[in-house]
Amino acid sequence: MSDRPMVGLALGGGFLRGTAHIGVLKVFRRAGIPVDMVAGTSAGSIMAALYASGHSPEEMEKIALGLRHRDLFDYGPTLVNLLLIACDLLGQYTRLPVPGRRPLGLMKGAKLEAMLDRLLGKKRLLSETQIPVGITAVDARDGTLVVFRAGEDRERDTKGFTLVPPQDVYLRNVPLARAIRASIAVPGLFEPVKLEGRLLVDGGLRENVPSYVLRQMGADLVIAVDVGYDGHRAHALDNIVDLLVQSLEIVSSESINLKLERYADLLIRPVIKNMGSWDFGKVKYCIGRGEFAATNALDDIKKRL
């Protein structure tokens, strides 16, 4: 029985910047850094689930490099949703009743969830991964943090602070792809996921880099990878998606930094510049930035093992 610490890896959200996590995992694999459990939010939840399900970093890189807009976006339904939203806004302005469905986001996310089903297995549950995985979402109705994971919760860590606030909710017998779909439901872009009486949206609103979740899962050494807002001026914000994403990340950045300071032992923060939310042409660049940041962190990580 090894006496080394149980290592948990927290992978944060950040749209396509989340592909930098692949570079981190590649470096860890080459250097023999163990990952005993993993947790992810939004884009990080996809990477965490793929890795926990047995995909190698090289396989994940091949998947990421092959991604295109058509693999993720439901173009037809998105246009319908846009029209319905416009009608709804007009109805509220004119105070006229608007019949029919009222969408809660531009995209239904059906294509993305179908892709996840293919990669992970449609019926694969959280309890069926090769290593434990945790995924976060938020109930839009009351702000409750919802954590998807199997196993029991650890009430306190070695520092003595409480880890299981009574207001948090834990869902365990859920298909992995469905949990991810909830975690990536960026408000306004993807429609929320309705599950067990809750209206679930992007976990980044509360737990964008889920180091806290890994403490619950029993990790002794928590390594966090943050690919979100880093305090630097963004490149030209020339579309509504980039503006929305940047705004959400700025709002949540202070809370993220406080939680990382409290729950993470080591922080890896790849420097990713001039990267749009859906800039598929820069995926390889992101992976390289993840490799560079992880390589620079190796000495510190090895000292802790």
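So, here's what we can say about the structure.

About the cut-offs
- Residues numbered from 1 in each chain as written.
- Predicted model: local features only at pLDDT ≥ 70, side-chain atom pairs only at ≥ 80, totals over all residues.
- Heavy atoms only, no water.
- Helix = DSSP H or I, 4+ residues; strand = E, 2+ residues; numbered from the N terminus.
- Buried < 20%, exposed > 50% of the residue type's maximum accessible area, 1.4 Å probe, protein only.
- Contact = heavy atoms within 4.5 Å.
- Areas by Shrake-Rupley, 256 points an atom, 1.4 Å probe, with all protein chains shown as cover.
- Core = buried A, V, L, I, M, F, W, Y, C linked by side-chain atoms within 4.5 Å.
- Salt bridge = Lys/Arg side-chain N within 4 Å of Asp/Glu carboxyl O.
- Phe/Tyr/Trp six-rings, centres within 6.5 Å; stacked < 30°, edge-to-face > 60°.
- Lys NZ or Arg CZ within 6 Å of the ring centre and 35° of its normal.
- Polar contact = N/O pair within 3.5 Å; in protein donor to acceptor, adjacent residues only side chain to side chain.
- Pairing = 2+ DSSP bridges.
- Arc of directions from axis to C-beta.
- Axes fitted to C-alpha atoms, helices over the stretch in contact; angles between N-to-C directions.
- Parallel < 35°, antiparallel > 145°, perpendicular 65-115°, else oblique.
- Left-handed = near helix turned anticlockwise from the far one by under 90°.
- Nonpolar A, V, L, I, M, F, W, Y, C, P; charged D, E, K, R; others polar.

1. Some thoughts on the overall build of the chain
- Scanning the chain from terminus to terminus reveals eleven helices and eleven strands.
- Going through the 305 residues of the chain one by one, you find that 53% of them count as buried.
- A separation of at least 24 residues holds for 76% of the contacts in the chain among residues at least 6 apart in sequence.
- When the accessible surface of the chain is totalled, it reaches about 14400 Å², and 55% of it is carbon and sulfur.

2. Brief notes about the nonpolar core
- Of all hydrophobic cores here, the largest spans 71 residues; its most connected members are L9, F28, F148, I223 and I268.
- Among the elements that line this core, the one with the most residues is helix α11 (residues 283–304), at eight residues.
- Dropping the residues within four chain positions of it, F148 is found in contact with L126, V133, G134, I135, A137, L171, V174, A179, A182, L195 and L200.

3. Brief notes about the environment of R289
- Among the structural elements, R289 can be located in helix α11.
- Looking at R289, the relative accessible area reads 24%, which means it is partly exposed.

4. Some words on the pattern of salt bridges
- Applying the stated criterion across every chain yields a total of eleven salt bridges.
- Here K26 ties to E291 by a salt bridge, and the two come within 3.5 Å at their closest N and O atoms. With K26 in helix α1 (residues 20–31) and E291 in helix α11, this pair connects stretches of sequence that are 265 residues apart.
- What makes K26 buried here is its relative accessible area of 11%.
- Salt-bridge contacts for D226 lead to R269; the nearest nitrogen and oxygen are separated by 2.6 Å.

5. Focus: the packing of aromatic side chains
- All chains considered together, the criterion is met by one aromatic pair.
- Over the aromatic face of Y212 sits the side chain of K259, whose NZ or CZ is 5.8 Å from the ring centroid.

6. Let's talk about the side chain of Q216
- Tracing the backbone through its elements, the reader meets Q216 in helix α9 (residues 211–217).
- A polar contact is formed between the side chain of Q216 and the side chain of Y170, at a distance of 2.6 Å.

7. Concerning the pairing of strand β4 (residues 133–139)
- Counting buried residues in β4 gives seven out of seven residues, a clear majority hidden from the surface.
- Side chains V133, I135, A137 and D139 of β4 all project onto a buried face; the interleaved residues G134, T136 and V138 project onto the opposite face, where all are buried too.
- Summarising the sheet, β4 and strand β5 (residues 145–149) pair through five bridges and their orientation is antiparallel. Pairing of A137 across the sheet is with V146, part of β5.
- Counted along the chain from β4 to the antiparallel partner β5, the turn is five residues long, and its residue G143 has a positive phi close to 80 degrees.
- Of the pairings in the sheet, the one linking β4 to strand β9 (residues 198–202) comprises three bridges and is antiparallel in character. Directly across from A137, in β9, lies its bridge partner D202.

8. Some details on helix α3 (residues 57–65)
- Among the residues of α3, those classed as buried are P57, M60, E61 and A64. Along the axis of α3, the buried positions cluster into a sector of 105 degrees, meaning they face one direction only.

9. What about the packing of helix α2 (residues 43–52) against helix α7 (residues 176–183)?
- Close contact between α2 and α7 brings their axes to 8 Å; oriented N to C, the two are set at 160 degrees. With respect to α7, the element α2 is oriented roughly antiparallel. Seen from above, α2 lies across α7 with right-handed handedness. Residues S45, I46 and A49 of α2 form the contact with α7, whose participating residues are L176, I180 and S183.
- Partitioning the contact of α2 with α7 into residue classes produces four nonpolar, two polar and no charged.

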